[in-house]
Amino acid sequence: MAIITLTTDFGLKDHFVGSLKGSIYRELPDAKIVDISHNIGPFNIQECAYILKNSYKNFPEGTVHIIGVDSEPTPETKHIAVLMDGHYFICANNGLIGLLESETAPSKVVEIAIRNPDLGAFPSMDVFVQAACHIARGGTLEVVGKPFTELHEVRDLAPSVTDNGNKIIGSVIYIDNYGNVVTNIHKNFFEAYRKGRNFEIQARTKVLTKIHQKYSDIVNFNLEKSQRRAPGELMAIYNSAEHIEIAIYKSNPRAGGSASSLLGLDYLDAITINFK
Amino acid sequence: MAIITLTTDFGLKDHFVGSLKGSIYRELPDAKIVDISHNIGPFNIQECAYILKNSYKNFPEGTVHIIGVDSEPTPETKHIAVLMDGHYFICANNGLIGLLESETAPSKVVEIAIRNPDLGAFPSMDVFVQAACHIARGGTLEVVGKPFTELHEVRDLAPSVTDNGNKIIGSVIYIDNYGNVVTNIHKNFFEAYRKGRNFEIQARTKVLTKIHQKYSDIVNFNLEKSQRRAPGELMAIYNSAEHIEIAIYKSNPRAGGSASSLLGLDYLDAITINFK
Amino acid sequence: MAIITLTTDFGLKDHFVGSLKGSIYRELPDAKIVDISHNIGPFNIQECAYILKNSYKNFPEGTVHIIGVDSEPTPETKHIAVLMDGHYFICANNGLIGLLESETAPSKVVEIAIRNPDLGAFPSMDVFVQAACHIARGGTLEVVGKPFTELHEVRDLAPSVTDNGNKIIGSVIYIDNYGNVVTNIHKNFFEAYRKGRNFEIQARTKVLTKIHQKYSDIVNFNLEKSQRRAPGELMAIYNSAEHIEIAIYKSNPRAGGSASSLLGLDYLDAITINFK
């Protein structure tokens, strides 16, 4: 029995998540349901893609991912089921799949042909649940719908390279639970343009010249405790998604501030890297 | 093995939810526990009823619902177990059951006779867990306690009809995760008084004359994209619970505002409908 | 198959929790994973200890508790696995275990010898998952690592006794979901110094002379409803963790205030008890 994961913007107070889980269990009593996140920003498929891209691969192949973000079907955003990278994704054709792809393209896409039994305002419920349970039971995409080739493209926020390859201009794409600032500059992209040169990362008024591998790298454990850098130090790091992240060592957004609050950096703000 | 759901006002930070789940697994290692919501407003049984009413039916019949909202037992709010609509509810006799009933009345109610082993401040724990596990294992209500007939009534917020049937005065009973404003006016109630007439929904300074079936109904997909109504449009809709809801198409409460914030409508505020 | 619980400061929006669960299921398809809390204050091991101490015992013996708070391994905070009180704890050696102990000391501690396969910034993932799954499958600590004796000590906030045993000075260690104020004064500690005497609990400008066993104890159910104390009454209580707690009867922090907001009491503030 495949795992079914849920990634939605439903929040954790309303009845939507409970209803969705109840419907799955009613259809498939032995279902194994795992929450990825229900706190995606409303209708924010970019944020949804960032979170899903960095978690789906940890699940076993064959996992079915239901995505309840901007999922109301319209003539232009039909419900689709996608096989990509060994995983199944059930969502509306709103551009999300394109944002998830990186190396791999979808190996199969169908338009879900299950009719929504009523006109209600919560379509994920019935159609997504039926499609997901069919696949989780080992069914094929062919039964869920007919082949579909018109995947919507949404422009992803890509970093740009200017000044004859001497400057990368990236953007903030995510602020995490610690208030750390995730950029859209991936390690591979950075290294491809860096070519071994020195660099300066400009984050508002601060300049960083090193990218660490782990947060505690900025601490010199050979020094006495009193001599060491304290929590609160600003740093750049490759995060677990291999994006360049501007972080505060052991930051606490609820006390004393975070990289986001201290630098005044928010979603979509620019981060510049100059090569020397 | 029946599912056990949890609906509480415990929040998701404290140890209460973890403790509750641990106790259930200790009693019933194969339990299947599903969270409905732990973010009910403290002691708000109206809110609890709205969320539970709109989710419990999605679960299979025989599901056991533990409700940890205003659940401390007192001489006047005893612990009860209720069979209604094929589902089991374990809660305090605080009026919740009356708020949940609609078409169906409880088919069986017992006062839970399991003694709380200590005087601690967290009674749901032991008594509710033991009652729920007994039922989930297939046990009967008769073993849990003795028949009980004194269910408390709490006055539900019902819409009123005035002006010789020409006006409905309803109230806001819930603000959802998108900031949409849910009224206590159910589709059936509305249609019974409407009798085919035109109408105006008055939500603060705004007037709406149509109730949509789905959010994207306000978009005319025959128009070019640039000509269409944009996200941000105010609308009335029958939501998934068939209540009249004042919504913003693709609203984001954290950016740009929601129906609740833009109209200044909050819990218990009035919404008026005039028939023409 | 043992239960694996998760207690982290990852929050519920980011991909971290989903990734962690996916990794566990990939390693151990039949795993039973239970969330204790993901909303621990960032790097706050005192808060983590309070929540874990009050929930872990409710789980069956043999449960494996993964703790993702301040868990990055450094030369001084190695990854450890601990058997204590019949439960397994997997965490960094950051002082947490000392804060969890009370009557019982760890019966076995090992330094986890599983190598972190990459340099990524999310170490809980691979090392903790592998250690937890090994133990959950019934494996021994000896296979996970070698014996370890250098557990870090972190000074716990202990109440102090002054004025020849006539005064206890305690601190606020937790504000719960209802805004109630939990002190570090345990019932046993209080009674040991009280020796049957009367007392005054000084919480800012308020004085309380009784500690209740349950919240509704302050209501006299022999009086008519109109004569009774209403929700909103300030009280002291032994909470479910047997700590002295300053509470508001049926408080709602989001409407009308809580003990914390009304008294202006926050984390680490002092609470004094004078014996008479």
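In this text, all values refer to a predicted model and were calculated from it rather than measured experimentally. (Residues numbered from 1 in each chain as written. Chains lettered and ligands numbered in written order. Predicted model: local features only at pLDDT ≥ 70, side-chain atom pairs only at ≥ 80, totals over all residues. Heavy atoms only, no water.)

## Points about the sheet that holds strand E7 (residues 145-147) of chain A
And step 1. Sheet architecture is open: 7 strands sit in the order E2-E1-E3-E5-E4-E6-E7 (chain A), paired in mixed fashion. The open sheet has two free edges, formed respectively by strand E2 (32-37) and E7 of chain A, since each of these has just one partner strand. Sheet twist, expressed as the mean angle between neighbouring strand axes with direction ignored, is 25°.
And step 2. Here 3 bridges tie strand E3 (residues 64-68) of chain A to strand E5 (residues 87-92) of chain A, and the two strands are oriented parallel to one another. Within E5(A), the residue paired with A:Val64 across the bridge is A:Tyr88.
And step 3. Relative to E2(A), helix H1 (residues 16-27) of chain C is tilted by about 150°, and along the sheet it contacts strand E1 (3-8) and E2 of chain A. (Pairing = 2+ DSSP bridges. Helix = DSSP H or I, 4+ residues; strand = E, 2+ residues; numbered from the N terminus. Axes fitted to C-alpha atoms, helices over the stretch in contact; angles between N-to-C directions. Contact = heavy atoms within 4.5 Å.)

## Here's the deal with the relation of the copies chain B and chain A
And step 1. At an RMSD of 0.0 Å, chain B and chain A line up after a rotation of 120° and a shift of 0.0 Å along the axis. Such values leave the two copies arranged in the relation of a three-fold axis.
And step 2. When you check the interface residues of chain B against chain A, a mere 8% turn up at the interface there too, and the two sides of the contact use different surfaces. (Least-squares fit on C-alpha atoms with pLDDT ≥ 70 in both.)

## Remarks on the pairing of strand E6 (residues 108-112) of chain A
Residue and element names in this part refer to chain A.
And step 1. Taken across its 5 residues, E6 has 4 buried, putting it largely inside the fold.
And step 2. Across 4 bridges, strand E4 (residues 79-84) lies against E6 in antiparallel orientation. If you follow Ala 81 over to E6, its bridge partner there is Val 110.
And step 3. The pairing of E6 with E7 spans 3 bridges and is classified as antiparallel. Residue pairing across strands places Ile 112 opposite Gly 145, the latter belonging to E7. (Buried < 20%, exposed > 50% of the residue type's maximum accessible area, 1.4 Å probe, protein only.)

## Quick notes on the domain arrangement of chain A
Residue and element names in this part refer to chain A.
And step 1. Split by domain assignment, chain A resolves into domain 1 (3-147) and domain 2 (160-275).
And step 2. Once you take the C-alpha centre of each, domain 1 and domain 2 turn out to be 33 Å apart.
And step 3. Three residues, Glu 47, Tyr 50 and Asn 54, lead the burial of domain 1 against domain 2; their summed loss comes to 73% of the area buried on that side.
And step 4. At the surface where domain 1 touches domain 2, the tally comes to 0 salt bridges.
And step 5. At the boundary of domain 1 and domain 2, one finds 1 residue pair in polar contact (both at pLDDT 80 or more).
And step 6. Residues that form the side of domain 1 that touches domain 2 fall into these classes: 2 nonpolar, 3 polar and 1 charged. (Domains from an automatic or database assignment. Buried area = accessible area lost by both parts, 1.4 Å probe. Salt bridge = Lys/Arg side-chain N within 4 Å of Asp/Glu carboxyl O. Polar contact = N/O pair within 3.5 Å; in protein donor to acceptor, adjacent residues only side chain to side chain. Nonpolar A, V, L, I, M, F, W, Y, C, P; charged D, E, K, R; others polar.)

## Some thoughts on unusual backbone geometry
And step 1. Of note in this structure, A:Glu242 is not a glycine but carries a positive phi near 65°.
And step 2. Of note in this structure, C:Lys250 is not a glycine but carries a positive phi near 55°.
And step 3. Here C:Lys250 shows up in the loop between strand E15 (243-248) and helix H7 (259-263).
And step 4. Judged by relative accessible area, C:Lys250 falls into the partly exposed class, the value being 30%.

## Examining the interface of chain B and chain A
And step 1. Contact with chain B, which involves 40 residues of that partner, is made by 33 residues of chain A.
And step 2. Carbon and sulfur atoms supply 54% of the area that chain B and chain A bury against each other, a total of about 2,900 Å² over both sides.
And step 3. Here chain B and chain A share 2 salt bridges between them.
And step 4. In this structure, the salt-bridge partner of A:Asp70 is B:Lys250, at a minimum N-O distance of 3.0 Å.

## With respect to the pairing of strand E1 (residues 3-8) of chain C
In the case of a regular strand, side chains alternate between the two sheet surfaces.
Residue and element names in this part refer to chain C.
And step 1. Across the 6 residues that make up E1, a large majority, 6, are buried.
And step 2. Note that E1 and strand E2 (residues 32-37) share 5 bridges and pair parallel. Bridging across to E2, Leu 6 finds its partner in Asp 35.
And step 3. Bridge count for E1 against strand E3 (residues 64-68) is 5 bridges, and the pairing is parallel. Counterpart to Thr 7 in the pairing with E3 is Ile 67.

## Side note on the pattern of salt bridges
And step 1. Considering all chains together, one arrives at 27 salt bridges over all chains under this definition.
And step 2. One salt bridge connects A:Arg204 with A:Asp269, and the closest N-O pair in it is separated by 3.0 Å. Taken as a pair, A:Arg204 in the loop between strand E11 (199-203) and strand E12 (206-208) and A:Asp269 in the loop between helix H7 (259-263) and strand E16 (270-275) lie far apart in primary sequence, 65 residues in all.
And step 3. A residue is classified by how much of its surface remains accessible, and A:Arg204, at 42% relative accessible area, is partly exposed.
And step 4. Measuring nitrogen to oxygen at the nearest pair gives 2.9 Å for the salt bridge that ties B:Lys13 to C:Glu47.

## Some points on the relation of the copies chain C and chain A
Between the two copies of the chain lies a relationship made up of a rotation around an axis and a movement along it.
And step 1. Each copy superposes on the other: chain C lies on chain A with an RMSD of 0.0 Å after a rotation of 120° and an axial shift of 0.0 Å.
And step 2. When the interface residues of chain C are mapped onto chain A, a mere 6% of them again fall at the interface, so the copies present different faces.

## Details of the packing of aromatic side chains
And step 1. Taken as a whole and assessed by the stated rule, the structure comprises 21 aromatic pairs over all chains.
And step 2. Ring geometry for B:Phe189 and B:Tyr193: centres 5.0 Å apart, planes at 50°, overall tilted. On the criterion of helical spacing, the pair formed by B:Phe189 and B:Tyr193 is a turn pair, its members being 4 residues apart in helix H6 (residues 187-194).
And step 3. Judged by its relative accessible area of 23%, B:Phe189 falls in the partly exposed class.
And step 4. Arranged with centres 5.0 Å apart and planes meeting at 35°, the rings of C:Tyr50 and C:Tyr174 form a pair that is tilted. In this pair, C:Tyr50 is assigned in helix H2 (residues 45-53) and C:Tyr174 in strand E9 (residues 167-175), connecting sequence segments 124 residues apart. (Phe/Tyr/Trp six-rings, centres within 6.5 Å; stacked < 30°, edge-to-face > 60°.)

## Comments concerning the side chain of B:His243
And step 1. Its place among the elements puts B:His243 in strand E15 (residues 243-248).
And step 2. Leaving out residues up to four positions away in the same chain, B:His243 has contacts with B:Tyr50, B:Ile173, B:Val182, B:Thr183, B:Asn184, B:Ile185, B:His186, B:Ile237 and B:Tyr238.

## Looking at H2(C)
And step 1. Burial of H2(C) is extensive: 7 of the 9 residues sit out of reach of the surface.
And step 2. Turning to H2(C), its buried residues are C:Ile45, C:Glu47, C:Cys48, C:Ala49, C:Tyr50, C:Ile51 and C:Leu52.

## Here we look at the environment of B:Glu72
And step 1. The topology assignment puts B:Glu72 in the loop between strand E3 (64-68) and strand E4 (79-84).
And step 2. Linking B:Glu72 and B:Ser251, residues 179 residues apart in sequence, is a C-alpha distance of 38 Å.
And step 3. A polar atom in the side chain of B:Glu72 sits 2.8 Å from the backbone nitrogen of C:Tyr215.
And step 4. Here C:Ser216 takes part through its backbone nitrogen, which lies 2.5 Å from a polar atom of the side chain of B:Glu72.

## Observations concerning the interface of chain C and chain A
And step 1. Listed per partner, the contact involves 33 residues of chain C and 39 residues of chain A.
And step 2. Roughly 2,900 Å² is buried in total at the junction of chain C and chain A, and carbon and sulfur atoms are behind 54% of that figure.
And step 3. The largest per-residue losses of area from chain C upon contact with chain A belong to C:Lys13, C:His15 and C:Pro42, which jointly make up 22% of the total buried on that side.
And step 4. Across the chain C-chain A interface, the total number found is 2 salt bridges.
And step 5. Linking chain C with chain A are 18 residue pairs in polar contact (both at pLDDT 80 or more), by the criterion used here.
And step 6. Residues of the side of chain C that touches chain A, tallied by class, amount to 14 nonpolar, 10 polar and 9 charged.

## Quick look at the sheet that holds E2(C)
All names here are of chain C.
And step 1. One open sheet accounts for 7 strands, arranged E2-E1-E3-E5-E4-E6-E7; its pairing is mixed. The two strands at the open ends of the sheet, each matched to only one other strand, are E2 and strand E7 (145-147). Here the strands of the sheet are splayed against their neighbours by 25° on average, with no regard to which way each runs.
And step 2. Contacts between H2 and the sheet are confined to E1, E2, E3 and strand E5 (87-92), with E2 contributing the most and set at about 125° to the helix.

## Examining the environment of B:Ile51
And step 1. Looking at where B:Ile51 falls in the secondary structure, it is placed in helix H2 (residues 45-53).
And step 2. Once residues within four sequence positions are removed from consideration, B:Ile51 is found in contact with A:Lys13, A:Asp14, A:His15, B:Ile36, B:Ser37, B:Ile40 and B:Tyr174.

## Let's talk about a nonpolar patch on the surface
Residues and elements named next belong to chain A.
And step 1. The grouping of Leu 157, Tyr 267 and Leu 268 at the surface amounts to a nonpolar patch, some 240 Å² of accessible area in total.
And step 2. As for its placement among the helices and strands, Leu 157 is situated in the loop between E7 and strand E8 (160-162).
And step 3. For Leu 157, a relative accessible area of 31% gives the class partly exposed. (Patch = residues over 30% accessible without salt bridge, like charges linked within 9 Å, V, L, I, M, F, W, Y side chains within 5 Å. Areas by Shrake-Rupley, 256 points an atom, 1.4 Å probe, with all protein chains shown as cover.)

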